[in-house]
Amino acid sequence: MRSIALREAIREAMSEEMRRDERVLLMGEEVAEYNGAYKVSQGMLAEFGPKRIIDTPISELGFTAVAVGAAQNGLRPIVEFMTWNFAVLPLDQILNTASKMLAMSGGQIGCPIVMRGPNGSAGQLGAQHSTAFESYLANIPGIKVVSTANAYDAKGLLKQAIRYEEDPIMFLECEVMYGDKGEVPDEEYYIPLGLAAVKKPGTDITIVSYSKMMKVALGAAAELEKDGISAEVIDLRTIRPMDWMTVLESVKKTNRLVIIEEQWPFASISSELSYRIQKEGFDYLDAPIRRITSADAPMHYAPNLTALAIPDIARSVQLVKDVMHQYK
């Protein structure tokens, strides 16, 4: 095992798959000459050349359309968005072409493409650059949505997406976590999509999260431990398909569920997960399912308002205690 930053894990995943398969290429704004807006693709131009590491104009609709066409004609492109907020521009390619072509062609034309980049808020970027897109994208049949929280999962899931998946993959990263270090194996490994992971075992309550809110979930669990509350923490990792069965098995043991996410509350990931668990696991619940989400409003620029809008450890701890103490 060795410790590497999240950006290095993503770079390794792409580079290893590009060495293995000449059909794999990377394209996006500043991915080549500038080594990536967040230095994720650093050094890749020197190794793979300008035909496979492609700088694009500031035209997300245009270069996403090129990549989708390339995928439908036998290549396996990776598209980097400087932020998923900019992916609203090529939504037509994601929603009406990439996700639907396999069904519309009667299974004749697939679209093995990975679209990746930073997602969600990253501190004082204003309302137009701070949206979390998991629930938007997960609402589209025909695509898979991954939202990573650490180097190990990011590398394994991305290699799986590039090498084995024939569906369009939306791979959501976190800008403020690119420098976070984590342990990854020296040997090659892949993580199948659609499997959640229990990151901390517990007995009293289940806490579910994903992406950078996993820091809040694990931080809350550590604080709760001081008060004698044992929380089991689950990272969804893949948003669609959602591994709600792992959550259900945990709830069968703990009988309580709290969900922490960065989405807006309406029609969010927690909405879908709550429905699944109450439908299939109602008899195991000793308390209502509770959640903490971002504020139901555009993100403000002011740091104090940003802090109020996003779930934090203190409020998550209090929510768990409310569930534990109110419904004994």
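Everything here concerns the structure above.
Residues numbered from 1 in each chain as written. Predicted model: local features only at pLDDT ≥ 70, side-chain atom pairs only at ≥ 80, totals over all residues. Heavy atoms only, no water.

## Thoughts on the overall build of the chain
Line of reasoning, step 1. Each helix and strand in the chain was counted, giving twelve helices and 14 strands.
Line of reasoning, step 2. For a compact globule of 328 residues, the expected C-alpha radius of gyration is about 20 Å, and the chain comes in at 20 Å, within 12% of that figure.
Line of reasoning, step 3. A principal-axis box enclosing the C-alpha atoms of the chain has dimensions of 60 × 45 × 40 Å.
Line of reasoning, step 4. Considering the chain as a whole, with its 328 residues, one finds that 56% of them fall into the buried category.
Line of reasoning, step 5. In the chain, the share of contacts with a sequence separation of at least 24, taken over all contacts with a separation of at least 6, comes to 82%. (Helix = DSSP H or I, 4+ residues; strand = E, 2+ residues; numbered from the N terminus. Rg over C-alpha atoms; globule rule 2.2 N^0.38 Å. Buried < 20%, exposed > 50% of the residue type's maximum accessible area, 1.4 Å probe, protein only. Contact = heavy atoms within 4.5 Å.)

## Some thoughts on the layout of surface pockets
Line of reasoning, step 1. What the largest pocket holds in volume is close to 400 Å³.
Line of reasoning, step 2. Lining the largest pocket are 19 residues, and of these Ser135, Ala138, Ala267, Ser268 and Ile269 sit closest to its centre.
Line of reasoning, step 3. Residue assignment for the lining of the largest pocket shows that the elements contributing at least two residues are helix H6 (134-138), strand S12 (238-240) and helix H10 (269-281).
Line of reasoning, step 4. By residue number, the principal contributor to the lining of the largest pocket is H10, which donates four residues.
Line of reasoning, step 5. Tallied by class, the residues present in the lining of the largest pocket amount to eleven nonpolar, five polar and three charged.
Line of reasoning, step 6. In this structure, the second largest pocket occupies an estimated 170 Å³ of space.
Line of reasoning, step 7. Contributing elements (two or more residues each) for the lining of the second largest pocket: helix H8 (213-226) and helix H11 (303-309).
Line of reasoning, step 8. For the lining of the second largest pocket, the per-class residue count stands at eight nonpolar, three polar and two charged. (1 Å grid on protein atoms, 1.4 Å probe; cavity = no way out; pocket = protein on both sides within 12 Å on 5 of 7 lines; lining within 4 Å. Points joined across faces, edges and corners; volume = space filled by probe spheres on them. Nonpolar A, V, L, I, M, F, W, Y, C, P; charged D, E, K, R; others polar.)

## Section: the sheet that holds S12
Line of reasoning, step 1. Taken together, seven strands build an open sheet; the order of strands is S3-S2-S4-S5-S7-S6-S12 and the sheet is mixed. Bordering the open sheet on either side are strand S3 (53-55) and S12, each of which pairs with just one other strand. The mean angle between the axes of side-by-side strands here comes to 20°, regardless of whether they run parallel or antiparallel.
Line of reasoning, step 2. Where strand S2 (residues 24-28) meets S3, three bridges bridge the pair, whose relative direction is parallel. Counted as the bridge partner of Leu26 is Ile53 from S3.
Line of reasoning, step 3. Of the strands in this sheet, S2, S3, strand S4 (76-80), strand S5 (114-118) and strand S7 (169-173) are in contact with helix H1 (residues 6-20), which crosses S2 at around 135°. (Pairing = 2+ DSSP bridges. Axes fitted to C-alpha atoms, helices over the stretch in contact; angles between N-to-C directions.)

## Things to note about the pattern of salt bridges
Line of reasoning, step 1. Counted according to the given criterion, the structure contains 28 salt bridges.
Line of reasoning, step 2. One salt bridge in this structure joins Arg2 and Asp186, with 3.1 Å as the shortest N-O distance. With Arg2 in strand S1 (residues 2-5) and Asp186 in the loop between strand S8 (181-184) and strand S9 (197-200), this residue pair connects regions lying 184 residues apart in the sequence.
Line of reasoning, step 3. Given a relative accessible area of 26%, Arg2 falls into the partly exposed group.
Line of reasoning, step 4. We classify Asp186 as exposed; its relative accessible area is 54%. (Salt bridge = Lys/Arg side-chain N within 4 Å of Asp/Glu carboxyl O.)

## Here we look at the environment of Gln326
Line of reasoning, step 1. Within the secondary structure, Gln326 is located in helix H12 (residues 313-326).
Line of reasoning, step 2. Distance from Gln326 to Lys51, taken between C-alpha atoms, is 61 Å for residues 275 residues apart in sequence.

## So, the packing of H1 against helix H7 (residues 151-163)
Line of reasoning, step 1. One can describe the packing of H1 onto H7 by two numbers: an axis separation of 8 Å at closest approach and a directional angle of 25°. Relative to H7, the element H1 is oriented roughly parallel. Like other packed secondary-structure pairs, H1 and H7 cross with a definite hand, here right-handed. Note on element contacts: H7 touches H1 through Ala151, Ala154, Lys155, Leu158, Lys159, Ile162 and Arg163, opposite Leu6, Ala9, Ile10, Glu12, Ala13, Met14, Glu16, Glu17 and Arg20. (Parallel < 35°, antiparallel > 145°, perpendicular 65-115°, else oblique. Left-handed = near helix turned anticlockwise from the far one by under 90°.)

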